[in-house]
Amino acid sequence: MSVQIWGAGHRTPLAYGHGAWTAWCYLAADGRSPHERSGALCLHDPRAGCDAASVPGLPWGRAVTLTAQPGLTVLAPGWLAHSVLPVSPGHTLAVLTAQAGTIPTPCPPG
């Protein structure tokens, strides 16, 4: 786990988690952004053929964008691609990020 301060210009290009799970918790925001999507978290499904799925009303084949606001907490599998849109000047975010490993499977008896 780490707490990061995301200031103007901070962004994360398309990335993947390093564990079984990745989490983000937006702790605080300072200043106002003229852009609604400043520091927004985007989740992208990297599975083959996902962009070809078109079911009205469902998020398959397109990114889900979550507005940066205090209290937003997201837990996603590590294989799910994510990115962070650039933080606008005059806007600062405090974000807790975490990676979780896998839980070992017990050996079968015998």
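Everything numeric here is computed off the predicted structure, so don't read it as measured data. (Residues numbered from 1 in each chain as written. Predicted model: local features only at pLDDT ≥ 70, side-chain atom pairs only at ≥ 80, totals over all residues. Heavy atoms only, no water.)

A short note on the sheet that holds strand 2 (residues 12-15)
One open sheet holds the 4 strands; their spatial order is 2-7-4-5, and the pairing between them is antiparallel. The sheet is open, and its two edges are formed by strand 2 and strand 5 (64-66), each paired on a single side. Along the sheet, successive strands turn relative to each other by an average axial angle of 15°, direction set aside. Where strand 2 and strand 7 (residues 81-84) come together, 2 bridges link them in antiparallel fashion. In the sheet register, Ala-15 faces strand 7, and the bridge partner there is His-82. (Pairing = 2+ DSSP bridges. Helix = DSSP H or I, 4+ residues; strand = E, 2+ residues; numbered from the N terminus. Axes fitted to C-alpha atoms, helices over the stretch in contact; angles between N-to-C directions.)

Structural notes on the environment of Leu-72
In this structure, Leu-72 sits in the loop between strand 5 and strand 6 (73-77). You can call Leu-72 buried: its relative accessible area is 17%. Each C-alpha atom, one on Leu-72 and one on Val-95, is 9.6 Å from the other, the two residues being 23 residues apart in sequence. If we skip the residues at most four places from it in the chain, Leu-72 touches Trp-24, Cys-25, Tyr-26, Leu-66 and Thr-67. (Buried < 20%, exposed > 50% of the residue type's maximum accessible area, 1.4 Å probe, protein only. Contact = heavy atoms within 4.5 Å.)

In short, the description is geometric, and any link to function would need to be established separately.
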